[in-house]
Structure formats: structure tokens, C-alpha cells
Amino acid sequence: MGKQVFQGRYTTETAGEEGFVVFLIGMRINKWRAVHKWLPVLRAMPPMIKELYTQKDMGFLDMENFFTGRTVLMVQYWESEEALMDYARGKKHRQVWKKFYQLAGDTEEVGIYHETYLQKPGQFESIYGNMPKFGLAKAIGHTEITPQTISARRRLKSHAAAKG
């Protein structure tokens, strides 16, 4: 999360004609004592995240990390479904995926998951009050709430109107 707090109420910018992708990815430690199974999975993520932040031309916009007990969750924002799929088929990701299945693919000690949501213009809205840029606002930008965007219904209509 950024350091500068934006006082007041903000919403996200429109997301262009194509929209964007929200990608949830993470892991769950099912057996704490099986460190040799879950630690390599946990360690596999930082090099991929570094690659995403240093090679912005791949379509990755931004992400947030969350750790809760046994579960790690990353919420990623991508320019398009195609950009996400291209990365998934890329060399670094394929190497990590192969290594995961060699180490823990057929065990119950560690689990992995992902969910992909295609967000079309006019089908999302957001609000941030007295917050640093966070989540989608950090990924695609934010703007102050106006009379036209004062409510969730109006923000949805505003995004739909921007769609054309």
C-alpha cells in the first residue's frame, strides 16, 4: 500500500474499452510440519512477482498480498485475459509449475489455487475513503468522488457510460 493517504472519497478510473482482469492466486498450508513441502511453494512466488514488477510490458498492472493463518492470497490486476494467459505459458511460470508438481503436486501437505475474473467496463465500481492508493485504484488510477459518482449505482452507470 502506498504511503500517501488521499483524504476524502475516491473511486477508480474507467478501465478502457476492454476492461481488466482480477486474478486471485495463492496457497494454503495444510500441514504445518511438512515445511519441506510448503516452503518451496512459498519461495517460488517472489521471483515471479519481481519479474512482473520489473517487466511492466507484460500486462501486469499491480497486486496486493494477504496472509491469514494458513493461507496466502495475492490479488493481481492485469490489462487483459491474453496478457495473463501469455504469462502463465511463459518460461518462468512453467518452470515453477513443474517444480511444484514434482515436490507437492500429489500430496495433501500444501494446496494452491487461483480464480480469474474478467471485468468488463461498466461492470465494476469501487470506493476508497481516506486511503492510500490500494488495490484497483493503485492498478488503474483513482479520481475524487463527484456528484455523478456519489453512490455505487451512479459509479456503475458512470463506468458504463465511459464504455460508450
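Here, the structure is the one placed above.
Notes on the structure in this doc start here. On a predicted model such as this, the values are computed, not experimentally measured, just so you know.

1. A few points about the overall build of the chain
Scanning the chain for helices and strands turns up five helices and seven strands. Projected onto its principal axes, the C-alpha positions of the chain cover 55 × 30 × 25 Å. Among the 164 residues that make up the chain, the fraction classed as buried is 38%. Counting only contacts in the chain whose residues sit at least 6 apart along the sequence, the fraction spanning at least 24 positions is 78%. Seen as two clouds, the 24 positive and the 17 negative side-chain charges of the chain have centres 7 Å apart.

2. Considering the sheet that holds strand β1 (residues 6-12)
Two modes of strand pairing occur in sheets, parallel and antiparallel, and in both the strands are linked by backbone hydrogen bonds. The strand order across the open sheet built from three strands is β6-β1-β7, with neighbouring strands paired in antiparallel fashion. The open sheet is flanked by β6 (128-131) and β7 (142-144), the only strands paired with a single partner. This sheet shows a mean twist of 50 degrees between the axes of neighbouring strands, independent of strand direction. Note: β1 against β7, three bridges, orientation antiparallel. Within β7, the position partnered with threonine 11 by the bridge is threonine 143.

3. Concerning the nonpolar core
Generally speaking, a soluble globular protein has its nonpolar side chains buried in company with each other. If you look at the biggest cluster of nonpolar residues, it comprises 14 residues, and the most contacted ones within it are Ile49, Leu52, Met74 and Trp78. Among the secondary structure elements, those contributing two or more residues to this core are β2 (20-29), α1 (35-54), β3 (60-68), β4 (71-78) and α2 (81-88). Counting residues per element, this core draws most heavily on α1, at four residues. What tryptophan 78 contacts, discounting residues up to four positions off in sequence, is Phe20, Val21, Phe23, Leu52, Met58, Gly59, Phe60, Leu61, Ala83, Leu84 and Tyr87.

4. What about unusual backbone geometry?
Its identity is not glycine, yet asparagine 130 carries a phi of approximately 55 degrees, on the positive side. You can see asparagine 130 is positioned in strand β6.

5. Quick word on the pairing of β1
As judged from the three bridges shared by β1 and β6, these two strands associate in the antiparallel manner. Residue tyrosine 10 lies in a different strand from β6, and its bridge partner there is tyrosine 128.

6. Points about the pairing of β4
Buried residues dominate β4, accounting for six of its eight residues. Both β2 and β4 contribute to a ladder of eight bridges, which runs antiparallel. Its bridge partner being in β4, valine 22 is matched across the sheet by tyrosine 77. In textbook terms, the turn of a hairpin is the stretch between consecutive antiparallel strands, and for β3 and β4 this stretch comprises two residues, one of which, glycine 69, has a positive phi near 60 degrees.

7. Looking at a nonpolar patch on the surface
Together, Trp97, Tyr101 and Ile112 line one region of the surface with nonpolar side chains, adding up to about 290 Å² of accessible area. Here isoleucine 112 shows up in strand β5 (residues 110-119). Under the relative-accessibility criterion, isoleucine 112 is labelled partly exposed at 34%.

8. A closer look at the environment of methionine 48
In this structure, methionine 48 sits in helix α1. Judged by relative accessible area, methionine 48 falls into the buried class, the value being 5%. The spacing of methionine 48 and lysine 92 is 44 residues in sequence and 7.1 Å in space, taken between C-alpha atoms. Apart from the residues lying within four places of it in its own chain, the contact partners of methionine 48 are Tyr87, Lys92, His93 and Val96.

Parameters at a glance
- Residues numbered from 1 in each chain as written.
- Predicted model: local features only at pLDDT ≥ 70, side-chain atom pairs only at ≥ 80, totals over all residues.
- Heavy atoms only, no water.
- Helix = DSSP H or I, 4+ residues; strand = E, 2+ residues; numbered from the N terminus.
- Buried < 20%, exposed > 50% of the residue type's maximum accessible area, 1.4 Å probe, protein only.
- Contact = heavy atoms within 4.5 Å.
- Lys, Arg positive; Asp, Glu negative; His and termini not counted.
- Charge placed at Lys NZ, Arg CZ, Asp CG, Glu CD.
- Pairing = 2+ DSSP bridges.
- Axes fitted to C-alpha atoms, helices over the stretch in contact; angles between N-to-C directions.
- Core = buried A, V, L, I, M, F, W, Y, C linked by side-chain atoms within 4.5 Å.
- Patch = residues over 30% accessible without salt bridge, like charges linked within 9 Å, V, L, I, M, F, W, Y side chains within 5 Å.
- Areas by Shrake-Rupley, 256 points an atom, 1.4 Å probe, with all protein chains shown as cover.
- Salt bridge = Lys/Arg side-chain N within 4 Å of Asp/Glu carboxyl O.

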